[in-house]
Each structure stands twice: as C-alpha cells, then as structure tokens.
Amino acid sequence: MDIRYISSNQNEQYKRWRKLHRRKGREQYGSLLVEGPHLVAEAMDAGWKVRSCLVEEGKERLLSEIPGIREGAFPVYRLPVSLFQSLMDTETPQGIAVELELPRVEDEEALPIGETLILLDAVQDPGNLGTILRTAEASGASAVILGRGTADPYNSKTVRAAMGSLFRLPVRKVDLSSAILELRRRGVAVIGTHPRAETVHFRYEYPPRTAFLLGNEGRGVDPALEQLVDGVVRIPMPGGVESLNVSVTAAVLLYERLRQKWGNA
C-alpha cells in the first residue's frame, strides 16, 4: 500500500478536508469526512465510494483491521498526531477517517415509496436527526424524507448519532408540500401528531402505507403542512409533561406501527 505523508496544515488536501466540517464545504466538494473504525467500516460495507483515507501516525495498524482499506482504489494519507486530530471534531479521535463521496443530487430527488416513512419538517438538531435515522432503520422504515430547514444529514453529529444507519437507509431532501401530495396520490396515508388530537396513537389503525409527519423542536409542524395530512394522532402523556423530544416521538410512533404490522401478520 502506497501511503502518502502530509505534515503541513498548508497542504491543499488538508485544507480541503478542513472545509468538509461545514455544510458549504461538503456541498462544494460533494464529500463527507467520516471518522472512526466503526463508521468507516459501516460506510464501506454499505458501498459508499471512498475518495481518500486518513490515518494518524502511529496507528497504521488500523489500515489492516478494516476490510477493504488495503484493497481500495483510493489514496491513503498518514498525518502527524496533531494534524490528524485537528481535522477531527471529537474529543478523542480514533485514528482513522475517510472522505466519502456524497450521493448525487439527482438520486436524492426521487421520492421513495414504502410501507413506513418518516417526514421531517425543520428538525434542526443534528443529534435528533441522527437518532431518528437509527430508530427508523431499526424499526424497518423505508426511508426518511427531509423538508426545508431540517439539519444536514451529513453533519458530523448526525452521522455519529445515526451509528451507520445513514449509509443504509434512503434519505431524501424534498419540498414537503409537494411530497405529501404526491405520497397521498400514490396511496400513502400521511399522519401528523397533535397534543389535543382525539385519537391516541395506539388506537389508530394505520393503513398499509403510512408516513409520519414530525416537526420542528420548538414550533412543531408548519400549519400549512398540517392541513395536508390524512389524520392526526395524540401520544398520551398522563404524567403531565407538555411534549416529547421529536426523536422519542418518532420512536413511539414507529414501534406502534411495527406492533400493528406484526399483530396483523
């Protein structure tokens, strides 16, 4: 394996990687920087294209521990400890990272149709988004659809919270108004939530194709989108709290949906 050495923060390749910490840089280069043996292996197993690999000096053994690194058709760079760690945004960098090619925009424009979907309206916290992605995959959801104002799915916090689900679960960025109308036209029932809805979530009989619409952590779902849904459910909270975290709400709805599917199987 040919390993190239980078020792200066003035190196053009280093500067490129630094830019990938920001959404603008990721969009400019069409790349994502992923850190740690687990996430690197998850991305490669899922078939994401690796553009380059970075390894911290002294931790070259990691190159042989991840299947596909040694046989990969991409350059490998070794960086001094200080330089490598300056590129990572975790407190304890794990010694290896890869630059991944992002899915093409035209691939993201297709609206996925499946038995269970999650629609997110301006969910701004990257950690919430990542947790929703992980829960969606775990519960067998078909895809997560992101509306305007939702956090970048390629934000490093989102990637870490998703724990690899980002690489396997279809994620699409769309105009939610158009998407909801299209989903309904194609036989998908869109269900929203409201604390004063008449029907509690476990008494609602979800249709064969169901999409849950969840909103912003502060304001909830845009009222204009609420007007487009087929039904609204309420998650009971007898303990007296006003609301649940949006990622918890997603989990409650997804697993009630799964319970009903399994119960009717």
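Look up a bit, the structure's there.
These notes cover the structure that comes with them.

How each quantity is defined
Residues numbered from 1 in each chain as written. Predicted model: local features only at pLDDT ≥ 70, side-chain atom pairs only at ≥ 80, totals over all residues. Heavy atoms only, no water. Core = buried A, V, L, I, M, F, W, Y, C linked by side-chain atoms within 4.5 Å. Buried < 20%, exposed > 50% of the residue type's maximum accessible area, 1.4 Å probe, protein only. Helix = DSSP H or I, 4+ residues; strand = E, 2+ residues; numbered from the N terminus. Contact = heavy atoms within 4.5 Å. Pairing = 2+ DSSP bridges. Axes fitted to C-alpha atoms, helices over the stretch in contact; angles between N-to-C directions. Phe/Tyr/Trp six-rings, centres within 6.5 Å; stacked < 30°, edge-to-face > 60°. Salt bridge = Lys/Arg side-chain N within 4 Å of Asp/Glu carboxyl O.

1. As for the nonpolar core
Membership of the largest hydrophobic core comes to 51 residues, with the highest contact counts inside it found for L32, I69, L100, L120 and F167. If you tally residues by element for this core, the top one is helix α3 (residues 37–45), at 5 residues. Ignoring any residue separated from it by four or fewer positions in sequence, one finds L120 in contact with L129, I132, V144, I145, L146, G147, T150, L176 and L214. In this structure, I180, L183, V190 and V221 belong to the second largest nonpolar core, which totals 18 residues.

2. Concerning the sheet that holds strand β5 (residues 96–101)
The sheet built from 5 strands is open, its strands ordered β1-β4-β3-β5-β2 with mixed pairing. Either end of the sheet is taken by a strand with one partner, and the two such strands are β1 (3–5) and β2 (31–35). Strand-to-strand twist across the sheet, computed as the mean angle between neighbouring axes with direction ignored, equals 25 degrees. Bridging between β2 and β5 involves 5 bridges; their strand directions are antiparallel. Within β5, the position partnered with E35 by the bridge is A97. In this fold helix α1 (residues 12–19) packs onto β2, β3 (50–56), β4 (76–79) and β5, with an angle of close to 90 degrees to the strand it touches most, β4. Together, β2, β3 and β5 form the strand contacts of α3, whose direction differs from that of β5 by roughly 30 degrees.

3. Quick word on the packing of aromatic side chains
Inspection of the entire model under this criterion finds 5 aromatic pairs. Seen from their ring centres, W17 and Y77 are 5.2 Å apart, and the 75 degrees between their planes marks the pair as edge-to-face. You can see W17 sitting in helix α1 and its partner Y77 sitting in strand β4, a full 60 residues away along the chain.

4. Here we look at unusual backbone geometry
What is expected of a backbone is that most residues other than glycine have negative phi and most peptide bonds are trans. Positive phi, close to 55 degrees, is recorded for A122, a residue that is not glycine. Mapped onto the fold, A122 is located in the loop between β6 (116–120) and α7 (126–138).

5. As for the pairing of strand β10 (residues 210–214)
Within β10, 5 of the 5 residues are buried, which leaves it mostly tucked inside the rest of the structure. Alignment of β6 against β10, held across 5 bridges, turns out to be parallel. Of the residues in β10, the one forming a bridge with I118 is F212. Where strand β9 (residues 189–193) and β10 come together, 3 bridges link them in parallel fashion. Directly across from A189, in β10, lies its bridge partner T210.

6. What about the pairing of β3?
β3 sits mainly inside the fold: 6 of its 7 residues count as buried. As paired strands, β3 and β5 are joined by 5 bridges and run antiparallel to one another. Counted as the bridge partner of V50 is L100 from β5. Summarising the sheet, β3 and β4 pair through 4 bridges and their orientation is parallel. In the strand pairing of β4, E56 is matched with L79.

7. What to know about the pattern of salt bridges
Taken as a whole, this structure holds 19 salt bridges when the rule is applied. The closest approach of N and O atoms between D230 and R184, which form a salt bridge, is 3.0 Å. Here R184 lies in helix α9 (residues 176–185) and D230 lies in the loop between α10 (223–226) and β11 (231–233), a separation of 46 residues in the sequence. A residue is classified by how much of its surface remains accessible, and D230, at 37% relative accessible area, is partly exposed. On the accessibility criterion, R184 (36% relative accessible area) is partly exposed. Taken together, the shared-partner salt bridges in this structure form one network comprising E42, E137 and R168.

8. A look at the sheet that holds β11
Taken together, 6 strands build an open sheet; the order of strands is β8-β7-β6-β10-β9-β11 and the sheet is parallel. Bordering the open sheet on either side are β8 (171–173) and β11, each of which pairs with just one other strand. Taking the axes of each pair of neighbouring strands and ignoring which way they run, one obtains an average angle of 25 degrees across the sheet. Pairing geometry for β6 and strand β7 (residues 143–146), over 4 bridges, is parallel. Bridge assignment links L119 to a residue of β7, and that residue is I145.

Remember that the coordinates give geometry; whether it matters functionally is a separate question.
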